Amino acid sequence: MSILVPVTSVIIALLIAAVVILLIGKNPLNAYWVMLKGAFGGKAAWAANISKMMPLVLTGLAVGFGFRAGIFNIGAEGQLMMGAIFATFVGINLGNVSPIVAIPITMLAGILGGAFWASIAGYLKAATGAHEVITTIMLNWIAVYLTNYFVVGPLAVGQGVPKSPEIAQSAQLPPLMTVQANTLPSGIIVSIVAAILVYILLDKTTTGYEIKAVGYNPYASEAGAISLKKNIVLTMAISGALAGLAGAMEVMAVHHRIFGDFSGGKGFDGISIALIGQNNPIGIIFAAFLISSLRTGSNAMQFAKVPDDIVTIIQGIIIFLVAADRIVRTLLAKMAISKGGETK
Amino acid sequence: MNIFQAIIYSFSTPIFYKLMLLSATPLIFAALGGVFSEVTGVTNIALEGIMKISAFSAVVFTFYTGNPWIGLIGALISGLIFAWLHAYVSIRWSADQIVSATALILIASGLSAFLMEPIFGQSGQSDFVSKIPKLKMDFLKDVPFIGQIFDELSIFVYLAFIAVALSWFLIYKTPLGLRMRAVGENPKSADTLGVNVFRIRYFGVLMSGILAALGGAYLSIGELGQFQENMPSGKGFIALAAMILGNWNPVGAMWAALLFGASDALNIQLQSILDIPSEMKALLNLLPFVITIIVVSGFVGKTRAPAADGIPYEKE
């Protein structure tokens, strides 16, 4: 049943989006076929797809981890950007060091950047009760403006689009494979390993048990001598660290620098992914693959003259149905009954 | 001019107060919307999405009919539809209200971006359309200072303050307002006393749709005469902060919205006065967001949300 709800939601969302595509006078079957080919048709499509999936697994984990502790970290977007800024700062200032040193240091910088940014919201929630939804959204905007400032100010380099210099060669993650203009980034391995680590942390350790307990019932946990405040800050820091790692991966494995509008909504996609994956690290891997496929496919869909914003609508409808899971459950139950009736 | 002088100078100009009113107006509408919804016990962080879709609908309806008043009606209808969706799943189906609202923000964002190209032939921004006329105060023309603030303001500005007064009266001085507050504080006992909890909550959420839609329509057909894809740019969320800071009270929310309006106006003023590099000016855009964080974390301890806010009510 637990996997049936997201799957049904995806199907309903695709059906509703098909109606929207029809309304602008385009053929939805054709649009979806182009989308499928764009996401899975050939090695280059797969490389682009996996490349998009890499940061999405991490932002999905970031948001999902927060959810497990009852914290709505809507700030993965800003945390990703701060991670990218930190990683870039360190990456461009590394001299002649070997990759064995440079890669972990740059990665760690990204992790710390994200953790630091999220901790601000965590600390404010613990200290003053400021709601994390508001503070993380404000921190997102601040991160956007800070990134814009860095790429036109202190880090600005070259002409044209505002951007930073490239990070040192030694800090760049080599691709697993190169197909035409697309590369299959080795960072995908980092993402999968992170998902497994989060799974172990949540399900096999005391810290994970405490975090889940706080999320499940904060008052009972407090009575059970689990420090609420410590857990809020810790959860936020870990959540932000994951989003920051996503930013570092984007810098180290894909773009090798930061530029304006660096994230492009990957942090917000993390919310969709966490919800579709039901906050389960392994479920999140599959959910990230779903969203990256939709996004990769939608780029191709523009050749069929269907704006790629259709994906945002599809994502919205999926989340809406996941929120209203009772509607979907009731629907599924009714279908099960009518099916049962036929066989009798 | 140093930054301190620039701030003092800003405060002494009428243009600062005019900018403050203009920036505060959409925040007042949306914050009032938040108050209506949350007083009855339903959180509505979808205000940002409602503002966006209604700003868009306002321009689309005006574009096709040439009449901005019909555009306004279009905005209100789209605001009501989105608010109804939120109400339906969170009241009827006990959905997680933050998740449902997040979904609506995405749908509003996706839908407005998706329809740009088929309707206007380009993405990013729409064509210019006619605006709701501004109110000219000719008799104030010769009054110094005040005259320059009020000579020509959008009707929405006045409407926002009227809405504050009416909302305050409705929530604190009428039987309906008493029922709304009862449902938000303790739905179970309200239910026992014969109040229809579901119907009152629908009313609260639908009102939030109307008010946020007014805020959205103001942005597009009130001020600019155009829709831009990044349009509310966080105003829906700043409005939520204003609502919290205003202690879920229409008048308090108005003062908070004015404070945020002032920080926005200060940002605009400083960018034009200060003699600093342009990338430093861009950094001043942080100001309203930093002030929001400071204010929300500094004052929130003294405020209190309605007790049943965000908790679905289920009849046994």
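Right above here is the structure, for reference.
From a predicted model like this one, the values you see are computed outputs, not experimental measurements.

Here is what the cut-offs are and how they apply
Residue indices begin from 1 for each chain and proceed along its sequence in written order. Labels follow written order: the first chain is A, the first ligand is 1, and so on. Given that this is a predicted model, residues contribute local features only at a pLDDT of at least 70 and side-chain atom pairs are listed and counted only at 80 or more, while totals for whole chains, interfaces and linings are drawn from all residues. For side-chain calculations, the full set of non-hydrogen atoms in the structure is used, while hydrogens and water are omitted. Every helix listed is a DSSP run of H or I at least four residues long, and every strand listed is a run of E at least two residues long, numbered separately from the N terminus. For this analysis, residues touch if any pair of their heavy atoms sits within 4.5 Å. Here, Shrake-Rupley sampling with a 1.4 Å probe gives the accessible areas, and only protein chains in the shown set may cover a residue. His is not counted here, nor are the chain ends, while Lys and Arg score as positive and Asp and Glu score as negative. Lys charges are placed at NZ, Arg charges at CZ, Asp charges at CG and Glu charges at CD. Defined here as a combined quantity, buried area equals the accessible surface (1.4 Å probe) lost by two parts on assembly, summed across both. Salt bridges, as used here, are contacts in which a Lys or Arg side-chain nitrogen is within 4 Å of a carboxyl oxygen on Asp or Glu. Any residue that is not Ala, Val, Leu, Ile, Met, Phe, Trp, Tyr, Cys, Pro, Asp, Glu, Lys or Arg is counted as polar, Gly included; the first ten are nonpolar and the last four charged. Strands qualify as paired when DSSP identifies two bridges or more between them. Relative accessibility under 20% of the residue-type maximum defines a buried residue, over 50% an exposed one, and the middle range a partly exposed one, all with a 1.4 Å probe and only protein chains included. Here the axes come from fitting lines to C-alpha atoms, over the contacting stretch only for helices, and the angles between their N-to-C directions go from 0 to 180 degrees. Left-handed is the label given to a crossing in which the near helix is rotated counterclockwise from the far helix by less than a right angle, and right-handed is the label when the rotation is clockwise. What sets the label is the angle itself: under 35 degrees gives roughly parallel, over 145 gives roughly antiparallel, 65 to 115 gives roughly perpendicular, and the rest give oblique. Throughout this description, a polar contact denotes any pair of N or O atoms lying within 3.5 Å of each other; where both atoms belong to protein, one of them has to be capable of donating a hydrogen while the other can accept it, and for residues adjacent in sequence the pair is counted only when both atoms sit in side chains.

1. As for the overall build of chain A
Scanning chain A from terminus to terminus reveals 14 helices and two strands. Each principal axis of the C-alpha distribution contributes one length, and for chain A these read about 75 × 60 × 30 Å. The contacts in chain A between residues at least 6 apart in sequence include a share of 76% that link residues at least 24 apart. Carbon and sulfur atoms provide 68% of the accessible area of chain A, an area that totals close to 14400 Å². Where the 20 positive side-chain charges of chain A centre and where its 13 negative ones centre are 6 Å apart.

2. Examining the interface of chain B and chain A
Across the boundary between the two partners, chain B contributes 45 residues, which contact 42 residues of chain A. Where chain B abuts chain A, roughly 3600 Å² becomes buried across the two surfaces, and 87% of that area is made up of carbon and sulfur atoms. For the pair chain B and chain A, the interface holds one salt bridge. A salt bridge links B:E314 to A:R326; the shortest N-O distance between them is 3.2 Å. Put simply, the parts of the chain that give the side of chain B that touches chain A at least two residues each are α4 (68-92), α5 (97-120), α11 (235-245), α13 (278-283) and α14 (287-299) of chain B. For the side of chain B that touches chain A, the leading source of residues is α5(B), giving 15 residues. In the side of chain B that touches chain A, the residues fall into 31 nonpolar, ten polar and four charged.

3. A look at the pairing of strand β2 (residues 182-185) of chain A
Residue and element names in this part refer to chain A. In this sheet, β2 lies alongside strand β1 (residues 175-179) in antiparallel orientation, the contact comprising four bridges. Following the sheet pairing, V179 is matched in β2 by N182. Two successive antiparallel strands, β1 and β2, enclose a turn made up of two residues, where Q180 displays a positive phi of approximately 45 degrees.

4. Overview of the pattern of salt bridges
Residue and element names in this part refer to chain A. Scanning the model with the defined rule gives nine salt bridges over all chains in all. Taking the shortest distance from any N to any O, the salt bridge between R329 and D325 comes out at 3.5 Å. Separated by four residues within a single helix, R329 and D325 lie in helix α14 (residues 325-343), roughly one turn from each other. Of the residues examined, R329 reaches a relative accessible area of 32% and is grouped as partly exposed. A cluster of three or more residues bridged by salt bridges with shared partners is formed by R68, D203 and K212.

5. A short note on the packing of helix α3 (residues 43-68) of chain A against helix α11 (residues 266-276) of chain A
All names here are of chain A. For the pair α3 and α11, interaxial distance at closest approach is 7 Å and the crossing angle is 60 degrees. In the packing of α3 onto α11, the handedness of the crossing is right-handed. On the side of α3, the interface is formed by P55, L56, T59, G60, V63, G64 and F67, while α11 contributes K266, G267, D269, G270, I271, I273, A274 and L275.

6. Side note on the packing of helix α2 (residues 14-39) of chain B against helix α12 (residues 250-273) of chain B
All names here are of chain B. Their axes nearest at 7 Å, the elements α2 and α12 cross at an angle of 140 degrees. By the criterion of interaxial angle, the relationship of α2 to α12 is oblique. Crossing angle aside, the handedness with which α2 passes α12 is right-handed. Looking at the contact of α2 with α12 residue by residue, the class counts come to 21 nonpolar, three polar and one charged.

7. Quick notes on the environment of A:T147
All names here are of chain A. Residue position: T147 is located in helix α6 (residues 132-152). For the pair T147 and T59, spaced 88 residues apart in sequence, the C-alpha separation works out to 18 Å. Apart from the residues lying within four places of it in its own chain, the contact partners of T147 are M81, I85, I258 and F259. A polar contact is formed between the side chain of T147 and the backbone oxygen of A143, at a distance of 2.7 Å.

8. What to know about the environment of A:I21
Checked against the element boundaries, A:I21 lands in helix α1 (residues 4-23). Residue A:I21 is classed as buried on the basis of its relative accessible area of 0%. Between the C-alpha atom of A:I21 and that of A:P307, which follows or precedes it by 286 residues, the distance is 9.3 Å. Once you skip the residues sitting within four places of it in the chain, A:I21 turns out to touch A:K26, A:N27, A:P28, A:A31, A:Y32, A:V306, A:I310 and B:F114.

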